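# Examination of the molecular architecture
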Amino acid sequence: MDSYIASDELHQTGGEHSYDEEGNKMFGFIVFLLSESVIFLSFFAGYIIYKITTPNWLPVGVSGLEIKEPAINTVILVASSFVIYLAERELQRHKLWRYRLFLLATMAMGSYFLFGQAIEWSHLAFGFTTGTFGGMFYLLTGFHGLHVFTGILLQLIILVRSFIPGNYDSGHYGVNATSLFWHFVDVIWIILFILIYVWQ
């Protein structure tokens, strides 16, 4: 049976200090995500401006993007946010094996998204240098894909760390930060999906 118990000494003498330290770390991580948001917002603004002002926005011979498969990938990625939330909840309930299973499911869903994106790229009729649209498309989806890959690596790290005895005695900062990063990645993709695939 999986469980972990923080020591009484931690709660009595160091609990408040640990909480403050974890809160400060989380604040710093939120600031980092805000800086990442600024980068994405600048990309979004550039995409919108170019789309509105560029004649013949789509490459020659391209009438639009296929939306069915990207929509399926979007549903899977967004659903993974709920799955990683379940992982967090199971960790709070001290159910480590359930936590690990939900974390593995989240990683699998993120990997499926990246695989689907790779398949889409391999079938596109334009490249990175094919006009403004081609450059913006690969820049936006590629930069986001890099964040998805980073999120999967972070999940792998916290999964491995879950096997270290006493790893959670001082708090769940790594898990909470990773989960927050994953939610951020999902929200960014929803905006990208609307801009690129819905607004054609």
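Every chain begins its residue count from 1, and numbering advances along the sequence as written. In keeping with the predicted nature of the model, local features appear solely for residues at pLDDT of at least 70, side-chain atom pairs appear and are counted solely at 80 or more, and the whole-chain, interface and lining totals rest on all residues. To obtain the side-chain values, all non-hydrogen atoms of the structure were used and water was disregarded.

## What to know about the overall build of the chain
In terms of regular secondary structure, the chain is built from five helices and zero strands. Counting helices and strands in the order they occur from the N terminus, the chain gives α-α-α-α-α. When the backbone C-alpha atoms are referred to their principal axes, the chain occupies close to 70 × 30 × 20 Å. Accessibility here uses a 1.4 Å probe with only protein chains present; expressed as a share of the type maximum, an area under 20% marks a residue as buried, one over 50% as exposed, and anything in between as partly exposed. A total of 200 residues make up the chain; the buried ones form 42% of that total. Relative to all contacts within the chain whose residues are 6 or more apart in sequence, the contacts with residues 24 or more apart total 81%. Here, Shrake-Rupley sampling with a 1.4 Å probe gives the accessible areas, and only protein chains in the shown set may cover a residue. Of the accessible surface of the chain, which amounts to about 11,100 Å², a share of 68% is contributed by carbon and sulfur atoms. Numbered from the N terminus, helices here are DSSP runs of H or I no shorter than four residues, and strands are runs of E no shorter than two. Every residue pair with non-hydrogen atoms within 4.5 Å of one another is taken to be in contact.

## Notes on the side chain of Glu36
Residue position: Glu36 is located in helix H1 (residues 8-53). Discounting residues that sit within four places of it in the chain, Glu36 has contacts with Phe143, His147 and Phe184.

## Side note on the pattern of salt bridges
Definition used for salt bridges: Asp or Glu carboxyl oxygen within 4 Å of a side-chain nitrogen of Lys or Arg. A full pass over the atoms with the stated rule returns two salt bridges. Measuring nitrogen to oxygen at the nearest pair gives 3.2 Å for the salt bridge that ties Glu90 to Arg93. Take Glu90: its relative accessible area is 4%, and that puts it in the buried class. According to the relative accessible area criterion, Arg93 is partly exposed, its value standing at 44%. Between Glu90 and Arg98 there is a salt bridge, with its nearest N and O atoms 4.0 Å apart.

## With respect to the environment of Glu21
Secondary-structure assignment places Glu21 in helix H1. A residue is classified by how much of its surface remains accessible, and Glu21, at 36% relative accessible area, is partly exposed. A C-alpha to C-alpha distance of 9.7 Å links Glu21 and Gly171, two positions 150 residues apart in sequence.

## Some words on helix H3 (residues 96-123)
To estimate how far a helix should extend, the number of its residues minus one is multiplied by 1.5 Å. In this model H3 runs 41 Å from its N-terminal to its C-terminal C-alpha over 28 residues, within 8% of the 40 Å that 1.5 Å per residue would give. Listed as buried for H3 are Leu96, Tyr99, Arg100, Leu103, Thr106, Met107, Met109, Gly110, Phe113, Gly116, Gln117 and Glu120. Along its buried surface, H3 packs onto helix H2 (68-92), helix H4 (131-161) and helix H5 (173-198).

## A word on the packing of aromatic side chains
Here a pair means two rings of Phe, Tyr or Trp (six-membered ring of Trp) with centres within 6.5 Å. Their orientation is stacked below 30 degrees between planes, edge-to-face above 60, and tilted elsewhere. Across all of its chains, the model carries 21 aromatic pairs by this definition. Aromatic pair Phe43 and Phe143: ring centres 5.5 Å apart, planes at 85°, arrangement edge-to-face. Separated by 100 residues along the polypeptide, Phe43 in helix H1 and Phe143 in helix H4 bring together distant segments of the chain. A relative accessible area of 22% means that Phe43 is categorised as partly exposed. For Phe143, a relative accessible area of 21% gives the class partly exposed.

## Regarding a nonpolar patch on the surface
Residues form patches when they are more than 30% accessible in relative terms and have no salt bridge. Like charges link within 9 Å. Nonpolar side chains (Val, Leu, Ile, Met, Phe, Trp, Tyr) link within 5 Å. Taken together, Ile67, Val78, Ile190, Ile194 and Val198 make up a surface patch of nonpolar side chains, about 370 Å² in accessible area. Tallying contributions element by element places H5 first for the nonpolar patch, with three residues. Residue Val78 is classed as partly exposed on the basis of its relative accessible area, which comes to 32%.

## Side note on the confidence of the model for the chain
On a range of 0 to 100, pLDDT expresses the predictor's confidence in each residue. Mean pLDDT over the chain: 89, with 90% of residues reaching 70 or higher. Of all secondary-structure elements in the chain, the lowest mean pLDDT belongs to H1, at 79, while H3 reaches the highest, 97. Predicted confidence for residues 1-15 stays below pLDDT 50, and this span has 18 contacts to residues more than four positions away or in other chains.

## Focus: the side chain of His144
Position of His144 among the secondary structure elements: in helix H4. Beyond its immediate chain neighbours, meaning those up to four positions away, His144 contacts Phe40, Leu77, Phe113, Val185, Ile188, Trp189 and Leu192.

## Considering the environment of Ser63
Structurally, Ser63 is set in the loop between H1 and H2. Here Ser63 falls in the exposed class, since its relative accessible area comes to 75%. Expressed as a C-alpha distance, the spacing of Ser63 and Gln200, which sit 137 residues apart in the sequence, is 9.2 Å.

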